[in-house]
Amino acid sequence: MSHAVLGALAGLVQLALGFLLQAARVGLDAVVFRPLPWPGVADALFAWSRTLAFAGLAIALVSGALAQLWPSVADARASRAWSGLFVRAAAGVVLVAGVPDAVRILLDLNNGAVAALAAGGFAPDAWSPGILAGAPLLILGLVAGLTALVGYLTLLYAVRAVRLYWSTALLPWFVLHWLATGNGRRLADALKEILVLIFSQTAQAMGWWLTVRLLGEVKDIGGLLLAAGGLWFMARVPSTLRQLAGLTGRV
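These lines cover the structure that appears in this document, whether it is placed above or below. This is a predicted model, so every value here is computed, not measured. (Residues numbered from 1 in each chain as written. Predicted model: local features only at pLDDT ≥ 70, side-chain atom pairs only at ≥ 80, totals over all residues. Heavy atoms only, no water.)

Another point: the overall build of the chain. Secondary structure assignment for the chain yields seven helices and zero strands. The order of helices and strands in the chain, counted from the N terminus, is α-α-α-α-α-α-α. Taking all 251 residues of the chain together, 37% fall into the buried category. Long-range pairs, those at least 24 residues apart, make up 84% of the contacts in the chain between residues at least 6 apart in sequence. Of the roughly 13,200 Å² of accessible surface on the chain, 71% is carried by carbon and sulfur atoms. (Helix = DSSP H or I, 4+ residues; strand = E, 2+ residues; numbered from the N terminus. Buried < 20%, exposed > 50% of the residue type's maximum accessible area, 1.4 Å probe, protein only. Contact = heavy atoms within 4.5 Å. Areas by Shrake-Rupley, 256 points an atom, 1.4 Å probe, with all protein chains shown as cover.)

Structure follows, in structure tokens:
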């Protein structure tokens, strides 16, 4: 293949690659790396759920206090049970009351980390003409995969937001379950679920940061395949985090 043809092919691939990468990056910034807010509707949903849960907590507090004031009303086993119930109810009040503020703080931390990790991008002119001309189909396939990934992560982002608001609103009821049974496993799982939902975006931004740098250091086809692995990892982040947190079920 002559140098003229090689140069023309490399220029064509570079032009298409630059356009598609820029379009994919716009999509990522607009949706996938978009700061996730805590809207008024989430506050209203949580407040409604918390009001109902507080009614149950109030009953538990009153019952526990009565058991402590008049232990003769119940036998020794019941008295010890009510004592634990009273302590858990008091802790539950503090936990439920602070949930919205805690979620806002964690979202701010996540949004700041995402903004820092997602800053910058990859310029296709960093690749040599030999790479551009030697594997044009693989390069365009990589970009097509990135475009498809943006679409998938867009849907995942929307589902993540709704799931976060829903899971946070249900948290008071997991507190009630812990209060009634003394078993905090489900409450712990609910808290881990919320943390995964918040920080999965940070983990995806870390995946993007790594992928961009892998793309910038590509020297051969093996490097392109490694960068493709970084893109696939971004799609696998939520499931991976759930497994690391010991959570079961699909995302």
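For the coordinates displayed, the defined rule picks out six salt bridges. Residues Arg163 and Glu193 are paired through a salt bridge, measuring 3.1 Å at the closest nitrogen-oxygen approach. With Arg163 in helix H5 (residues 136-181) and Glu193 in helix H6 (residues 185-216), this pair connects stretches of sequence that are 30 residues apart. The exposure class of Arg163 is partly exposed, given its relative accessible area of 22%. Asp189 serves as the salt-bridge partner of Lys192, at 3.6 Å between the closest nitrogen and oxygen. On the criterion of helical spacing, the pair formed by Lys192 and Asp189 is a turn pair, its members being three residues apart in helix H6. The network of salt bridges with shared partners includes Asp43, Asp101 and Arg104. (Salt bridge = Lys/Arg side-chain N within 4 Å of Asp/Glu carboxyl O.)

A few words now on the nonpolar core. Within the largest apolar cluster, 20 residues are counted, with the highest numbers of intra-cluster contacts made by Leu36, Leu107, Leu164 and Tyr165. Looking at this core, the elements that each hand over two or more residues are helix H2 (40-69), helix H3 (76-118), H5 and H6. Counting residues per element, this core draws most heavily on H5, which supplies seven residues. Leave out the neighbours within four places in its chain, and Leu36 touches Leu107, Asn111, Tyr157, Arg160, Ala161, Leu164, Tyr165 and Gln201. (Core = buried A, V, L, I, M, F, W, Y, C linked by side-chain atoms within 4.5 Å.)

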